[in-house]
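# Architecture and fold: a report
As a plain string of letters, each chain reads:
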Amino acid sequence: MLITIVTLFPEMFPGMLAYSLPGKQLGNLWDLKTVNIREFSDNKWQKVDDTPYGGGAGMVIKPNIIHEALTDALKNYPNNEPAIINMTPRGRLFNNATARNLAEYDGLIILCGRYEGIDQRVIDHWIQHHNMQEISIGDYVLFGGEVAAMVIIESCLRFVPGIMHNEDSPEDESFCIKDINGSRVDLLEYPQYTKPVSWSGYDVPSVLLSGNHAEIAKWRIEQAKQITRSVRPDLLGH
Ligand code: SAM
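These numbers come from a predicted model, not from an experiment.

### Overview of the overall build of the chain
- On a plain count of helices and strands, the chain comes out with six helices and twelve strands.
- On the principal axes, the C-alpha backbone points of the chain span a range of 70 × 40 × 35 Å.
- Sorting the 238 residues of the chain into buried and exposed places 40% on the buried side.
- A fraction of 70% describes how many contacts in the chain between residues 6 or more apart in sequence connect residues 24 or more apart.
- Between the mean site of the 21 positive side-chain charges and the mean site of the 30 negative ones, the chain shows a separation of 2 Å.

This is the structure in structure tokens:
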């Protein structure tokens, strides 16, 4: 998978993506390129933004500059069609299902906004002509799309075959818990414990020490349901 980040701050990458499991496979099972939006500035001051029509606070990144930067990013994919994503709080809320879907592409282009955002016309053009998707990572506003892009990349890479040591790992986590009958359910994960058996007056639940796999599976799914009911009843359709 080749990921291209279109950003005003290419030096932020790979950043934390160079560590741990994704870092070990960077340049191997996946690769990262950046396109610096500023290189497509249309003026000698290297400015990329201007004041918003209609007034108001902040600056808006100009459409022609973003168009040139995205067109340049597309050149990294001569033989396939990457998924193109605009990071924005106005996008569809990101979740595990979207991560799994994006991981099926050989390429991703991720556009990171800054300031007040990006001129709507270039967004409309790329949605219309290049199927660009708009994704938000949550109901809050960040300074820029770079951290959001890293969130998307980390969660997608978990579904790229070979990146996790255990191929099953992304399939038995929160939002994808194995039910007693082996099917997957959209629940938060049950609690996990390791040695020692007793710590600071807290004990590992005895069922986990029983060696009875059927009882352990039953306990885990009950815990998952209980936690989900209390913290995220929306996942249970309530
Ligand atoms: N004016 C915009 C609004 O109110 O929707 C917010 C702009 S924000 C300060 C600047 C950039 O940060 C956005 O263009 C986007 O790329 C990124 N960003 C901020 N919050 C985000 C979120 N929740 N999800 C994804 N990207 C986000």
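Having seen the model, we can carry on.
### Side note on the pairing of strand E8 (residues 133–136)
- Along E8, one buried face is formed by Gln133 and Ile135 and the opposite face, lined by Glu134 and Ser136, is buried too.
- For strand E5 (residues 83–93) and E8, the ladder comprises five bridges, and the chain directions are parallel. Its bridge partner being in E8, Ile85 is matched across the sheet by Gln133.

### Structural notes on the site of the ligand
- Lining the immediate surroundings of the ligand are 20 residues, of which Met87, Gly113, Glu116, Tyr140 and Leu142 lie closest.
- Contact between the ligand and Gly113: an oxygen atom at 2.9 Å from a main-chain N or O atom of the residue.
- In the model, an oxygen atom of the ligand is placed 3.5 Å from a nitrogen or oxygen of the Gly144 main chain.
- Looking at the shell around the ligand, the elements that each hand over two or more residues are E5 and E8.
- Looking at the shell around the ligand, the element that brings in the most residues is E5, giving four residues.
- Of the residues belonging to the shell around the ligand, the class tally is ten nonpolar, seven polar and three charged.

### Description of helix H6 (residues 213–231)
- If you check H6, its first and last C-alpha atoms are 27 Å apart, about what 19 residues at 1.5 Å a residue would give, namely 27 Å.
- Turning to H6, its buried residues are Ile216, Trp219, Ile221, Gln223, Ala224 and Thr228.
- Residues of H6 that are buried make contact with strand E9 (177–178) and strand E10 (184–185).

### Some thoughts on the pattern of salt bridges
- Scanning all chains against the criterion turns up six salt bridges.
- For the salt bridge of Arg121 with Asp119, the shortest nitrogen-to-oxygen distance reads 2.6 Å.
- By relative accessible area, which is 14% here, Asp119 ends up buried.

### As for the sheet that holds E8
- Spatial strand order, E2-E1-E6-E5-E8: five strands in an open sheet with parallel pairing. Two strands in the sheet have a free side with no partner beyond their single neighbour: strand E2 (31–36) and E8. Each strand of the sheet is rotated relative to its neighbour by a mean of 30°, with strand direction disregarded.
- By the bridge criterion, six bridges tie strand E1 (residues 2–7) to E2 in an arrangement that is parallel.

### Focus: the environment of Ser155
- Positionally, Ser155 belongs in helix H5 (residues 146–157).
- Accessibility expressed as a relative area gives 17% for Ser155, which makes it buried.
- Each C-alpha atom of the pair Ser155 and Val197 lies 32 Å from the other, and the pair is 42 residues apart in sequence.
- In contact with Ser155, not counting residues within four places along its chain, are Phe94 and Ala99.

### Side note on the side chain of Asp119
- Here Asp119 is to be found in the loop between strand E7 (117–118) and helix H4 (120–130).
- Only 2.6 Å separates the side chain of Asp119 from the side chain of Arg121, close enough to count as a polar contact.
- Asp119 has contacts with Val60, Ile61, Lys62 and Pro63, leaving out every residue within four places of it along the chain.

### With respect to the state of the cysteines
- Scanning all chains against the criterion turns up zero disulfides.
- Unpaired in this structure, Cys176 has its nearest cysteine sulfur neighbour in Cys156, at a distance of 15 Å.

### Things to note about the domain arrangement of the chain
- When its domains are assigned, the chain resolves into domain 1 (2–157) and domain 2 (172–236).
- The centre of domain 1, based on its C-alpha atoms, is set 36 Å off from the matching centre of domain 2.

Cut-offs applied
- Residues numbered from 1 in each chain as written.
- Predicted model: local features only at pLDDT ≥ 70, side-chain atom pairs only at ≥ 80, totals over all residues.
- Heavy atoms only, no water.
- Helix = DSSP H or I, 4+ residues; strand = E, 2+ residues; numbered from the N terminus.
- Buried < 20%, exposed > 50% of the residue type's maximum accessible area, 1.4 Å probe, protein only.
- Contact = heavy atoms within 4.5 Å.
- Lys, Arg positive; Asp, Glu negative; His and termini not counted.
- Charge placed at Lys NZ, Arg CZ, Asp CG, Glu CD.
- Pairing = 2+ DSSP bridges.
- Near = heavy atom within 4 Å.
- Polar contact = N/O pair within 3.5 Å; in protein donor to acceptor, adjacent residues only side chain to side chain.
- Nonpolar A, V, L, I, M, F, W, Y, C, P; charged D, E, K, R; others polar.
- Expected span 1.5 Å × (residues − 1).
- Salt bridge = Lys/Arg side-chain N within 4 Å of Asp/Glu carboxyl O.
- Axes fitted to C-alpha atoms, helices over the stretch in contact; angles between N-to-C directions.
- Disulfide = S-S within 2.5 Å.
- Domains from an automatic or database assignment.

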